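Inside the fold
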Amino acid sequence: MSQVFSEETHRNLLARIPHCTGREVADWLRTVHEGPALRFEERVSWLRHEHNLAYGHAKAIIHEYDLRRAARKLL
């Protein structure tokens, strides 16, 4: 079962991603967009294994990608 992060934890993880990975969140979101079309946990696993990310960072990136994608659909 996957962990559920609070909004605060999610924001904290996103804030640390550039320092921990050397890449901005926007770069990671582009990587996800250009990557394979998979389900949530499969995309998390893909980021972890293809890009050597920690689980929490990978999950935060995928969650943020899904949030932004959903927000675009509402406009």
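See the structure shown above.
Residues numbered from 1 in each chain as written. Predicted model: local features only at pLDDT ≥ 70, side-chain atom pairs only at ≥ 80, totals over all residues. Heavy atoms only, no water.

Brief notes about the overall build of the protein
- Of regular secondary structure, the protein possesses four helices and zero strands.
- Ordered by position in the sequence, the α and β elements of the protein form the string α-α-α-α.
- For 75 residues, the compact-globule formula gives about 11 Å, and the C-alpha radius of gyration of the protein, at 12 Å, lands near that figure.
- Relative to its 75 residues, the protein shows a buried fraction of 31%.
- Carbon and sulfur atoms make up 52% of the accessible area of the protein, which amounts to about 5200 Å² in all.
- Positive and negative side-chain charges in the protein, numbering 12 and 10 respectively, have mean positions lying 3 Å apart. (Helix = DSSP H or I, 4+ residues; strand = E, 2+ residues; numbered from the N terminus. Rg over C-alpha atoms; globule rule 2.2 N^0.38 Å. Buried < 20%, exposed > 50% of the residue type's maximum accessible area, 1.4 Å probe, protein only. Areas by Shrake-Rupley, 256 points an atom, 1.4 Å probe, with all protein chains shown as cover. Lys, Arg positive; Asp, Glu negative; His and termini not counted. Charge placed at Lys NZ, Arg CZ, Asp CG, Glu CD.)

A few points about the environment of Tyr65
- Secondary-structure assignment places Tyr65 in helix 4 (residues 55-74).
- Contacts of Tyr65, omitting those with residues within four sequence positions, involve Leu29, Val32, His33 and Arg43.
- Here His33 takes part through its side chain, which lies 3.1 Å from a polar atom of the side chain of Tyr65. (Contact = heavy atoms within 4.5 Å. Polar contact = N/O pair within 3.5 Å; in protein donor to acceptor, adjacent residues only side chain to side chain.)

Concerning the nonpolar core
- With 16 residues, the main nonpolar core has Ile17, Trp28, Val32, Leu47, Leu53 and Ile61 as its most contacted residues.
- Among the elements of the structure, helix 1 (7-21), helix 2 (25-34), helix 3 (40-51) and helix 4 are those that each provide at least two residues to this core.
- Filtering out sequence-adjacent residues up to four positions away, Ile61 remains in contact with Ile17, Trp28, Leu29, Val32, Leu47 and Leu53. (Core = buried A, V, L, I, M, F, W, Y, C linked by side-chain atoms within 4.5 Å.)

Read these as geometric descriptors, not functional statements.
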